[in-house]
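# Observations on the model geometry
As a plain string of letters, each chain reads:
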Amino acid sequence: MRTKFLIRSSVATVLLIAIATSCTKLDQKVYSVVPESEFWQTPAQIAAGLAPAYQALTNITDADVRDLNEVSGGGILVPTRGNDWYDNGNWQALWTHQWKPDLGPIDGAWSAIFNGIGKVNFTLNAVNALSSKPSNIDAINAELKVLRAYYYFLAMDMFGQIPVVTDFNTDPAAVNNSQSRSETYNFIVNEITSNIGALPDKTGETYGRMTKWGANALLAKLYLNAGVYTGTPNWEAAIAACDNVINSGKYSLSGDYLSNFAVSNEGSPENIFVVPFDKINIGGNNWEMRTLHYQSQLTYNLNGGPWNGYCVTADFYNQYDNSDNRKQMFAVGQQFGSDGTALKDAQTGLPLVFSKYVNELSNPTDTFRLAGARNVKYHPEAGTSGGQSNDMVVFRLADIYLMRAEAKLWSSTDLGGALADVNMVRGRAGVSAWSAGDLNKENLYHERQRELAWEGWGRNDAIRFSHFGDARTPGKPADADKHLELFPIPSPEISANGNLKQNPGY
Amino acid sequence: MTPKRLLHAILLPVLLLFAVQVSFAQQKTITGRVTDSRDGSPVSGATVTAKGSKVATSTAADGSYKITVPSATSTLVITGVGFATTQIAAVDNAVVSFVSTAASLNEIVVTGYGTSRKKDVTGAVASVSAKDFNQGIVTNAIEQIQGKVSGLVITTPGGDPNQSPLIKLRGQTSLLGSQAPLIVVDGIPLDNADQFNNIPPGDIATYDVLKDASAAAIYGARGANGVILVTTKRGREGQTRVEYSGYVTVSHQAKYFEMLSADEWRNALKTLNIPAGSLDKGVNTDWQKEITRTAFSHNHNLAVSGGAKGFSYRAAVSYLNQQGIVLNTGKDQIGLRFNATQKALNDKLELQVGIVSTTTNRSLLNYGNITKIFNTPPTYPVRNADGSYFYFSDFEQYNAVAHLNQELNKGKEYLSLLSGTANYEIIKGLKVGVTGSLNHLGNQTRFFQPAFPVEGNVNNASNNTYNNDSKHGDFHINYLKDFGKHSLGLTGVYEYNKFESNFQGISSQNFLVPENQDNNFQGAIDAARTRANTYRDEFTLISFLGRVNYNYNQKYYLTASIRRDGSSKFGANNRWGLFPSFDVAWRISQEAFLKDATWLTELKLRAGYGVTGNSDAIGPYSTQLLYGPIGRYYDAASGVYPQAYAPVQNQNPDLRWEERHGRNIGLDFGLFNNRITGDINYFSDKTVNLLYNYTVPVPPFFINTILANVGTLTNKGLEFQVNAQVVKQKNFSWTLSGQLTFINTKVDALSGTYQGFNVRTDQIGGSSAVGRGLSAYPITFLKPGYAPSVFYLPHYMGLDANGHQLFETANGPKTQDQDPNPTKKYIDPSPKMLYGVNNNFTYGNWSLNFFLRGLVGQKIFNNTRLDFDNVNRLPGNNVTRSALTNGIKDAAAVSDLWLEKASYLRLDNATLAYNFGQLKGMQNLRVYVSGNNLFVITPYKGIDPEIQTSNTGSSQAYLDVSYYGSAFYPRARSFTFGVNVTF
């Protein structure tokens, strides 16, 4: 018995040990994802690996960054219509300049921008760590760094003192925003000027990518606002950067203003830097949904009803002459179905007539659902319900002309050239040319508003022309001081990184 | 392991029966019958032992027994799972009224990798057997024990036949991972608790709930949410039994929201001086009733069991057809279950096999369709005069009936569990064995939505296939030995688990021939709209565990266990975890100084400490930097839209399981010969290394969250469970049982370090109010110092002269237009106490059972009323009746006005049964009528106060929403007629 027991238990023990030693390997295969070491193998994979740095732009052009700049700058108005669009008071706070550091869209904007920066840093690190680097590694580095400069420009413009991190492997505990806004400005300018030489020229392959000319346009924006960012203007450099774009001969004003924003606008000769969208492949352009009324679905043959939100004030709308063909970007008056029938608001039975008047920020009456001119600059795309195909414009030639004119006006140099630049833009809009007496800062500000409505420059321009703190109708009193010209560092970011210092006044 | 031990428990009496075949010189034969004290139904499988000898038998299907005992025998001892041990005089033709008690101290308790008698259990373990299950229609088998076990909170978040109940044991333990306990069916762990949806309720014999961390620690990194061990019914040697049980159920919606009827709507418009215009189509439609129906369900369960010497089996087939009360929803489920045991080599070798195969066809609800009924005016018809649908379209508005009837939304699930065990007894008390099992869950979903006139949508379809496969193998060794008064049990197990899952999905739109529905994706007009998505992943879990059970003279107990788990999901720096437990127990009632306290039958004091883990929040590859497709970009060079690739997460090589450190003190008692039994437990648990996607700064991180082990939370609670036989007479008995749970969960910290970096989060947003103008901003938070999902709300202070809502601000009451920054307060919505009370009366062959369940102190944010109690919605949207009287004239605004008290008391079930006993051609017949959800008493103003209390899928904790696709599937009131027959 005892022997038998010993034998049997020995067998069991051996078995147990055998299992214990041979079966402790925690094997795991990956199938639908790959480790970094197995990626970056082919040119197509490298292209796909670089793309996320650009992809982050799709969260900027029709999202919080644009909204913060346009609503606070007086371009877009989002009134509370009955029970709709109150949204925690966010829209009213942005319009009336009553925002606080915990306002959701402010953190949304910060996150969208720094997401782009994070993607660039990660990609730079990965592609430069490859054992066999791509042959065009210098061009890749230059393109990524200038793209990052655009993200940093947005962050510095909106938030002032920001954390600047260029190395993916930076110790997170060392990240702070102690660097001054002008130092960051210099860093951004230097990033562009030292890499611009390695950037591609405009070719059929560079659509949607950062080129020499996109970089010059970005430089022009930076120099134009140098006074705001550093206290010291640099109009000459702004003019030079604009000259570089214009004199390249690569771009021309398109004859039809709205064609730059059409559903198929990739043929625009005017657009310098765009963010491509596509109804099937790249979502994120929901312009039609944000502004149009539910029943506008029937006007534009959309697949679903829009959200009845964004509009412009009567003051903004009234800036346009009736002959101004840019005024066609607005939908006002009776709306018709695609079959020609006059539409009604299905929930109230009122005729679907968009009024240009928006007299309050908030009103529960049924007529207020129809208040405000709607902006269909990016023309709605039939067969979509959001996710339209119009590529969204970051930089275009008309902006460059107006920037050059402005820099010349501010610096009082070549005012004749300035007038000619403005009149090129006005001429294309079908409005009368200015005489020399018309060329003043106030008029130029309004010309920029008319030309660049809702393109994201509303706040940037208003600050430069000292209009940001103005009282506006409806409901916005004048700002008490200038601290609102910078958005606060979002409270979730300060919570996540205790090294971040809040902007003054918040 | 578990089935083996259980089988032993069942086989033992049978073996003893054979032993009795040996003739004794002086014998007598005694017959009798054992019946359930509650309803007089026969109790089969009870063990009848001659006291003072080893002679024993078990009762037959009709409860009868026949035992030949030494003539000196004066007393028979009757024992059975789920019943209090009863002693009777050894006289012929006795009818034994057997008293059921869930807390009976001699019942066999499954403890995970083994069994134990209740009196020998040292941890907090609760057992519920079939006799005590909730009756009537159950959607998911786990509802059989809803409200029955203290500390176990099972919430059915609505009346959807395809919804999974939410199961929480001893509070919330994880912020991100599943709250559901690990469910182990006959020793085979299910990959996730939702798979339990596919286990037919009729097959289940007992549930053993391992509540405290020391009991669950044997399940290591999977045990932090507690463990529920499910044992299914098995056959017995020598008896061939055929059992049939079936029921039919009629269900209808229990309660409706008080929306305006068409006439009330017309009057309201007149009063408010709003022209109805084209909105009044001249009809009266109650949209809530239009989308629901009286639903019929039926269930059948047929089982054959039996066996010959050394062999036993049970085979069961079950069919359930359950209609949902919402149109075009429901399920049918066909289940097959077979298990068998064969002994060989002088009974030293034992082989067991188990097969479960269940197919479930689901007709699923698109919840967005429910939300439309509250928006649509009651003056819109469902159909035109010619019978065709009346179509309309506006923001969150369309004909919900047309959608429900014409959309295809189906799921088909296949669950199969195959298992086999071989055990060999090397010497007496020492057994070694291996167990293997294969677990497969396949789920195919189909969707098709046609193009609806007026709505402008295009037809679209999708097909998705999910496969989850896992394989488990273990090698186990058990040793049981008594040395005089010392009793020792040793268990050692090596376990290997591999989990694989894959997914294939295809979707498209705008089909040329919509009649083909989802069956012809190549028929899409634009091929570019057809999209395929797939993924595949796997992970491995390897465990070693050991346990020592020791007791001295059945008086002093000590249990210690240790488990070492390694998982490929864990970070490279933390691959292996150690999960110890330690328990002591003292059966005070065995002490000499209590010998004279005859009223005290049993008294046991227990204390335990254990460590368990939860790694549910960690995906198979969460720790690694892996590239995957993240969406398309435009490549101008080629003019195409390739996929961009990037890692989707920050890598965290330190990632590890969440760790729950649990302490439990408990007292088990039995009074007056176990007429009153029960237990009390106090626990204090702390979960550390809490996983969450904590916010980190970008850059240097490239994504602004990282999954990291940072936070801590605590759960403290007190649990009472009692079972009392209040009246025990020959023809009449009353048994009262109940449970009471007090629980307090608190988030302690959300900050810590990740690789030296301070991860800091002062609060994390959770649920957001839903509705027009209420775009996502959170109103519940994870906040240190508060319960999870604590509300943070402005305080409502009444209305101003214009009917505008006033809120507390630093400058007194203000409207939201006057001050968009009102003062906010934290309010804890979690229930403070939960309870269940069961009453059972028997009178002759009649029995009446009713079960009440409820909770106290809960608050629910009535987002549905927030949206619909607003007169501004008129005329284009319908409103509630109270919208006309509440005086609110401005826009819907979030405040504590809508955070309502939601304590409730529900008559969950009442069952009246008559037991015919033995009839011609059948051994037993029982018929019953049963009602479910008969009433609810609550101050809550929504339609039901029992909703989801965790964020799951699109559902949000403590938020009752019927908007933007979030909806409450109305709960049904059901009446069931059922039959149980044994042939």
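As the structure is a prediction and not an experimental result, all values here were calculated from the model. (Residues numbered from 1 in each chain as written. Chains lettered and ligands numbered in written order. Predicted model: local features only at pLDDT ≥ 70, side-chain atom pairs only at ≥ 80, totals over all residues. Heavy atoms only, no water.)

Listed by partner, the interface residues are 86 residues for chain A and 91 residues for chain B. Approximately 7500 Å² of surface area, both sides summed, lies buried where chain A meets chain B, with 58% of it carried by carbon and sulfur atoms. Taken as a group, Leu26(A), Asn83(A) and Gln347(A) account for 11% of the area that chain A buries against chain B, more than any other trio of residues on that side. Counting the contacts that link chain A with chain B gives one salt bridge. Two residues, Arg772(B) and Asp84(A), come together in a salt bridge whose shortest N-O distance is 2.4 Å. For the pair chain A and chain B, the number of links is 28 residue pairs in polar contact (both at pLDDT 80 or more). The set of elements that each furnish at least two residues to the side of chain A that touches chain B consists of α1 (2-22), β1 (34-35), α2 (43-55), α5 (104-128) and α18 (491-496) of chain A. Looking at the side of chain A that touches chain B, the element that brings in the most residues is α5(A), giving nine residues. The pairing of β1(A) with strand β30 (residues 626-632) of chain B spans two bridges and is antiparallel. Counterpart to Val34(A) in the pairing with β30(B) is Tyr627(B). (Contact = heavy atoms within 4.5 Å. Buried area = accessible area lost by both parts, 1.4 Å probe. Salt bridge = Lys/Arg side-chain N within 4 Å of Asp/Glu carboxyl O. Polar contact = N/O pair within 3.5 Å; in protein donor to acceptor, adjacent residues only side chain to side chain. Helix = DSSP H or I, 4+ residues; strand = E, 2+ residues; numbered from the N terminus. Pairing = 2+ DSSP bridges.)

Tallying each qualifying case throughout the model produces 63 salt bridges over all chains. When the shortest N-O distance is used, the salt bridge between Glu270(A) and Arg428(A) registers 2.6 Å. On the criterion of sequence distance, the pair formed by Glu270(A) in the loop between α10 (235-248) and β3 (271-275) and Arg428(A) in helix α15 (residues 415-429) is long-range, its members being 158 residues apart. For the pair formed by Glu270(A) and Arg428(A), the shared burial category is buried. Its salt-bridge partner being Glu264(B), residue Arg881(B) comes within 2.8 Å of it at the nearest N-O pair. Residue Arg881(B) is located in the loop between α7 (863-868) and β48 (899-901), and its partner Glu264(B) is located in helix α3 (residues 262-272); the two are separated by 617 residues in the primary sequence. Taken together, the shared-partner salt bridges in this structure form one network comprising Glu270(A), Asp324(A), Arg326(A), Lys377(A), Arg396(A), Arg426(A), Arg428(A), Glu447(A), Arg450(A), Glu451(A) and Glu455(A). (Buried < 20%, exposed > 50% of the residue type's maximum accessible area, 1.4 Å probe, protein only.)

What follows is about the sheet that holds strand β38 (residues 764-765) of chain B. Residues and elements named next belong to chain B. Strand order in the open sheet formed by four strands is β38-β39-β40-β44, with antiparallel pairing between adjacent strands. Only two strands of the sheet have a single neighbouring strand rather than two, namely β38 and β44 (824-827). Here two bridges tie β38 to strand β39 (residues 780-782), and the two strands are oriented antiparallel to one another. In the strand pairing of β39, Ile764 is matched with Leu782.

On to the domain arrangement of chain A. Frequently, the measure chosen for interface size is the accessible area that the parts lose on association. Residues and elements named next belong to chain A. Here chain A is partitioned into domain 1 (40-246 + 393-496) and domain 2 (277-390). The distance between the C-alpha centroids of domain 1 and domain 2 comes to 27 Å. Across the boundary between the two partners, domain 1 contributes 38 residues, which contact 42 residues of domain 2. Across the domain 1 to domain 2 interface the summed buried area is about 3300 Å²; carbon plus sulfur atoms make up 53%. (Domains from an automatic or database assignment.)

What follows deals with a positive patch on the surface. On the surface, Arg663(B), Lys686(B), Lys716(B) and Lys746(B) cluster together into a patch of positive charge. Locating Lys716(B) in the fold gives a position in strand β34 (residues 705-728). (Patch = residues over 30% accessible without salt bridge, like charges linked within 9 Å, V, L, I, M, F, W, Y side chains within 5 Å. Areas by Shrake-Rupley, 256 points an atom, 1.4 Å probe, with all protein chains shown as cover. Lys, Arg positive; Asp, Glu negative; His and termini not counted. Charge placed at Lys NZ, Arg CZ, Asp CG, Glu CD.)

Bringing a nonpolar patch on the surface into the picture now. Residues Tyr556(B), Trp586(B), Phe593(B), Leu605(B), Ile665(B), Tyr682(B), Leu718(B) and Phe742(B) make up a contiguous nonpolar surface patch of about 730 Å² in total accessible area. As for its placement among the helices and strands, Trp586(B) is situated in strand β28 (residues 576-587).

Working definition: the strands of a sheet are paired by backbone hydrogen bonds and lie parallel or antiparallel to each other. Spatial strand order, β1(A)-β30(B)-β31(B): three strands in an open sheet with antiparallel pairing. What marks the edges here is a single partner per strand, and that holds for β1 of chain A together with β31 (643-647) of chain B.

Here the focus is the packing of helix α8 (residues 212-224) of chain A against helix α14 (residues 397-411) of chain A. All names here are of chain A. Taken N-terminus to C-terminus, the directions of α8 and α14 make an angle of 30°; their axes are 11 Å apart at the nearest point. What the angle tells us is that α8 and α14 run roughly parallel. For the pair α8 and α14, the sense of crossing is left-handed. Two secondary-structure elements touch here, α8 through Ala217, Ala220, Lys221 and Leu224 and α14 through Asp399, Ile400, Met403, Glu406 and Ala407. Its residues placed into classes, the contact of α8 with α14 shows six nonpolar, no polar and three charged. (Axes fitted to C-alpha atoms, helices over the stretch in contact; angles between N-to-C directions. Parallel < 35°, antiparallel > 145°, perpendicular 65-115°, else oblique. Left-handed = near helix turned anticlockwise from the far one by under 90°. Nonpolar A, V, L, I, M, F, W, Y, C, P; charged D, E, K, R; others polar.)

Residues and elements named next belong to chain A. Under the criterion given, the structure shown has 76 aromatic pairs over all chains. Aromatic side chains Trp85 and Trp91 sit 6.0 Å apart centroid to centroid with 65° between the ring planes, which places their arrangement in the edge-to-face category. Grouping residues by exposure puts Trp85 and Trp91 together as buried. Sitting above the plane of the Trp457 ring, Lys221 keeps its charged end 3.8 Å from the centroid. (Phe/Tyr/Trp six-rings, centres within 6.5 Å; stacked < 30°, edge-to-face > 60°. Lys NZ or Arg CZ within 6 Å of the ring centre and 35° of its normal.)

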